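Observations on the three-dimensional arrangement
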Amino acid sequence: MKTAVSNVAPGQVVKFHGEPCIVLEHRTAGTLLVTAAQIKSSFGSTNNFAASSFREHLNGAFADALTEGHADELIPREVDLTALNGSKEYGSCECKVAPLTFDEIRRFHGLLPKPESWEWSATPWSTPCVDEDDTWVVFLLTSGDVNGNNCTGTYGSRPAFLIPSQYAVEADGGLDQYTTNELIAEINRRMNG
């Protein structure tokens, strides 16, 4: 049965266009989801997510596949590209789909299962104005620890995106999310159909 994503508690799994996703947070603009399964990708030739081939892929082909050609369902969000060392050289960028930032990984630590393989964040390790570094990116290890590595490597990602809070999703939260009348109607439908 479908329900508005706003009815689903953070940490629960829902299906968005058939893709299992974890509800992270209900915001004023919409609900933040992250895919439960990883995709594999290199980051690109720079650790600036705004200029990376990874951003281009996530907001192009990936967004189209995720939404079955309806990328306009996704709400743009501002992604803070402050480096791990505090450099704000890259500013921020607006995206429909992006990996979580280091700060978001920390905020949602209790909701995110450990990744199956190393996983990109959107956060650079440093920036050129600090130490001429435009290659290292923060990533999440399978142990749950964080580290950094070269942006040209290929690692996993569980991309995050915002959808309207009233968007109907398949909930995976058990029977307690349905009213008694909804459960009876479903039983009747199955017995008579």
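Residues numbered from 1 in each chain as written. Predicted model: local features only at pLDDT ≥ 70, side-chain atom pairs only at ≥ 80, totals over all residues. Heavy atoms only, no water.

1. Describing the pattern of salt bridges
- If you walk through the whole model with that rule in mind, you get 6 salt bridges.
- Among the ionic pairs, Arg158 bridges to Glu119, the shortest N-O distance being 2.7 Å. Highlighted residues: Arg158 in the loop between β12 (154-157) and β13 (160-163) and Glu119 in strand β9 (residues 119-124), separated in sequence by 39 residues. By the burial criterion, Arg158 is buried, and Glu119 matches it.
- One connected set of salt bridges, linked through shared partners, spans Glu25, Arg27, Arg77, Glu104 and Arg107. (Salt bridge = Lys/Arg side-chain N within 4 Å of Asp/Glu carboxyl O. Helix = DSSP H or I, 4+ residues; strand = E, 2+ residues; numbered from the N terminus. Buried < 20%, exposed > 50% of the residue type's maximum accessible area, 1.4 Å probe, protein only.)

2. So, the nonpolar core
- Membership of the largest hydrophobic core comes to 35 residues, with the highest contact counts inside it found for Phe16, Leu33, Phe49, Phe161 and Ile163.
- Top contributing element to this core by residue count: helix α1 (residues 53-66), with 5 residues.
- Setting aside chain neighbours within four positions, we find Phe161 in contact with Phe16, Cys21, Thr31, Leu32, Leu33, Thr35, Leu66, Leu74, Arg77, Lys96 and Val97. (Core = buried A, V, L, I, M, F, W, Y, C linked by side-chain atoms within 4.5 Å. Contact = heavy atoms within 4.5 Å.)

3. Here's the deal with empty space enclosed by the protein
- For the structure on display, the rule yields 1 cavity of 30 Å³ or more.
- As for the largest cavity, its lining consists of Val34, Pro99, Leu100, Ile105, Glu119, Trp120 and Arg158.
- Classifying every residue of the lining of the largest cavity gives 5 nonpolar, no polar and 2 charged. (1 Å grid on protein atoms, 1.4 Å probe; cavity = no way out; pocket = protein on both sides within 12 Å on 5 of 7 lines; lining within 4 Å. Points joined across faces, edges and corners; volume = space filled by probe spheres on them. Nonpolar A, V, L, I, M, F, W, Y, C, P; charged D, E, K, R; others polar.)

4. Overview of the layout of surface pockets
- What the largest pocket holds in volume is close to 180 Å³.
- If you go around the largest pocket, you meet 14 residues; those closest to its centre are Asp80, Thr101, Phe102, Asp103 and Thr123.
- Going through the elements one at a time, β6 (77-80) and α2 (102-107) are the ones with two or more residues in the lining of the largest pocket.

5. Things to note about the side chain of Arg158
- Taking the relative accessible area as the measure of exposure, Arg158 reaches 5% and is therefore buried.
- At a separation of 2.9 Å, a polar atom in the side chain of Arg158 contacts the main-chain carbonyl oxygen of Pro113.
- Within the structure, the side chain of Arg158 is placed 2.7 Å from the side chain of Glu119, a separation counted as a polar contact.
- Ignoring any residue separated from it by four or fewer positions in sequence, one finds Arg158 in contact with Val34, Thr35, Ala36, Ala37, Gln38, Leu112, Pro113, Lys114, Pro115, Glu119 and Leu140. (Polar contact = N/O pair within 3.5 Å; in protein donor to acceptor, adjacent residues only side chain to side chain.)

6. Focus on unusual backbone geometry
- Look at His17: it is not a glycine, yet its phi comes out positive at around 50°.
- Position of His17 relative to the elements: it lies in the loop between β2 (13-16) and β3 (19-26).
- By relative accessible area, which is 23% here, His17 ends up partly exposed.
- With a phi close to 55°, Glu68 is a non-glycine residue in the positive phi region.
- If you trace the backbone, Glu68 turns up in the loop between α1 and β6.

7. So, the packing of aromatic side chains
- A full pass over the atoms with the stated rule returns 12 aromatic pairs.
- Ring centres of Trp120 and Phe139 lie 6.5 Å apart, and the angle between their planes is 80°; on these two criteria the pair is classed as edge-to-face. Linking Trp120 in strand β9 with Phe139 in strand β10 (residues 136-140), this pair joins segments that are 19 residues apart in sequence. In this pair, the class of Trp120 matches that of Phe139, namely buried.
- Taken together, the ring pairs in this structure connect Phe43, Phe49, Phe54, Trp118, Trp120, Phe139 and Tyr155 into an aromatic cluster. (Phe/Tyr/Trp six-rings, centres within 6.5 Å; stacked < 30°, edge-to-face > 60°.)

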